[in-house]
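# Survey of secondary and tertiary structure
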Amino acid sequence: NQLKGQVKGILNVKNDHDPNEIDIDSDDSEAENGGNKKRARLDLVGTRLVFLGTGSAKPSRLRGCSSILLYFEDDGSGHILFDCGEGTYGQLVRMFGLTKAIEVVSQLSAVWISHHHLDHHGGLSRLVEERVKKTKLRIWGPKNVGKALDEYFSNSGKE
């Protein structure tokens, strides 16, 4: 198994206790804690999973390309986007309104791209262009997605 040694813990959500509490199982945790599992507390209040697009190679008014936003209402920062298909920015505007969409995009901390198909990263350049706050934005994905983004910005004359 290639992952052995790379995965430090496995999260297990149990139905028999507080839904905001999870067990973290790992080989080391039980020995370190005298056989007790570690407990972590998650505060999920004010956190929303917003489905901006659930899959379509050809976006339409009713179905957008893959894009899911993990939105933190309370602190207003650190939102995370999973995939950014073409039309993601437009979906954000339709979902939140223009002013709030600009704020959400500027407060993104990370974008995770699952794979190199355009319906999963075709909206990334527009999203980056629309960021008002030029803070660091982490983008995780295949190398060729980064190359495509670099090429877009070098050829467009935009930074």
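Procedures and definitions
- Residues numbered from 1 in each chain as written.
- Predicted model: local features only at pLDDT ≥ 70, side-chain atom pairs only at ≥ 80, totals over all residues.
- Heavy atoms only, no water.
- Helix = DSSP H or I, 4+ residues; strand = E, 2+ residues; numbered from the N terminus.
- Buried < 20%, exposed > 50% of the residue type's maximum accessible area, 1.4 Å probe, protein only.
- Contact = heavy atoms within 4.5 Å.
- Areas by Shrake-Rupley, 256 points an atom, 1.4 Å probe, with all protein chains shown as cover.
- Salt bridge = Lys/Arg side-chain N within 4 Å of Asp/Glu carboxyl O.
- Arc of directions from axis to C-beta.
- Pairing = 2+ DSSP bridges.
- Axes fitted to C-alpha atoms, helices over the stretch in contact; angles between N-to-C directions.
- Lys, Arg positive; Asp, Glu negative; His and termini not counted.

Our next topic: the overall build of the protein. Summing up its helical and strand segments, the protein has six helices and eight strands in all. With 159 residues in all, the protein has 32% of them scored as buried. Put simply, of all contacts in the protein between residues at least 6 apart along the chain, 46% involve residues at least 24 apart. Accessible surface, the protein: about 10,400 Å² in total, of which carbon and sulfur atoms supply 52%.

Under the criterion given, the structure shown has two salt bridges. For Lys 100, the salt bridge is made with Glu 103, and the minimal N-O distance between the two is 2.9 Å. With a gap of three residues between them, Lys 100 and Glu 103 both fall in helix α3 (residues 98-106), about one helical turn apart. For Lys 100, a relative accessible area of 29% corresponds to the partly exposed category. Between Glu 130 and Arg 126 there is a salt bridge whose closest N-O contact spans 2.9 Å. Here Arg 126 falls in the partly exposed class, since its relative accessible area comes to 40%.

Within helix α2 (residues 88-96), the full set of buried residues consists of Thr 88, Tyr 89, Gln 91, Leu 92 and Phe 96. Along the long axis of α2, the arc covered by the buried residues comes to 160°, so they all point the same way. In this structure, the buried side of α2 is in contact with β4 (47-53), β5 (67-72), β6 (79-82), α3 and α5 (124-129). Gly 97 sits one or two positions beyond α2 and adopts a positive phi of about 90°.

This next bit is on the side chain of Ser 125. Looking at the element boundaries, Ser 125 is found in helix α5. Taking relative accessible area as the criterion, Ser 125 reaches 16% and is therefore assigned buried. Look past the residues within four positions of Ser 125 in its chain and what remains in contact with it is Leu 149, Tyr 152 and Phe 153.

Reading across the sheet, the five strands line up as β4-β5-β6-β7-β8 and stay open at both edges, with mixed pairing between neighbours. Because the sheet does not close on itself, it has two edges, and the strands there are β4 and β8 (138-140). Here the average twist between neighbouring strands, direction ignored, is 15°. Taken together, the three bridges between β5 and β6 define a ladder with antiparallel strand orientation. Residue Leu 69 lies in a different strand from β6, and its bridge partner there is Leu 81.

Relative to the assigned elements, Asp 83 resides in the loop between β6 and α2. The charged side chain of Asp 83 is buried without a salt bridge, its nearest counter-charge being Arg 63 at 12 Å.

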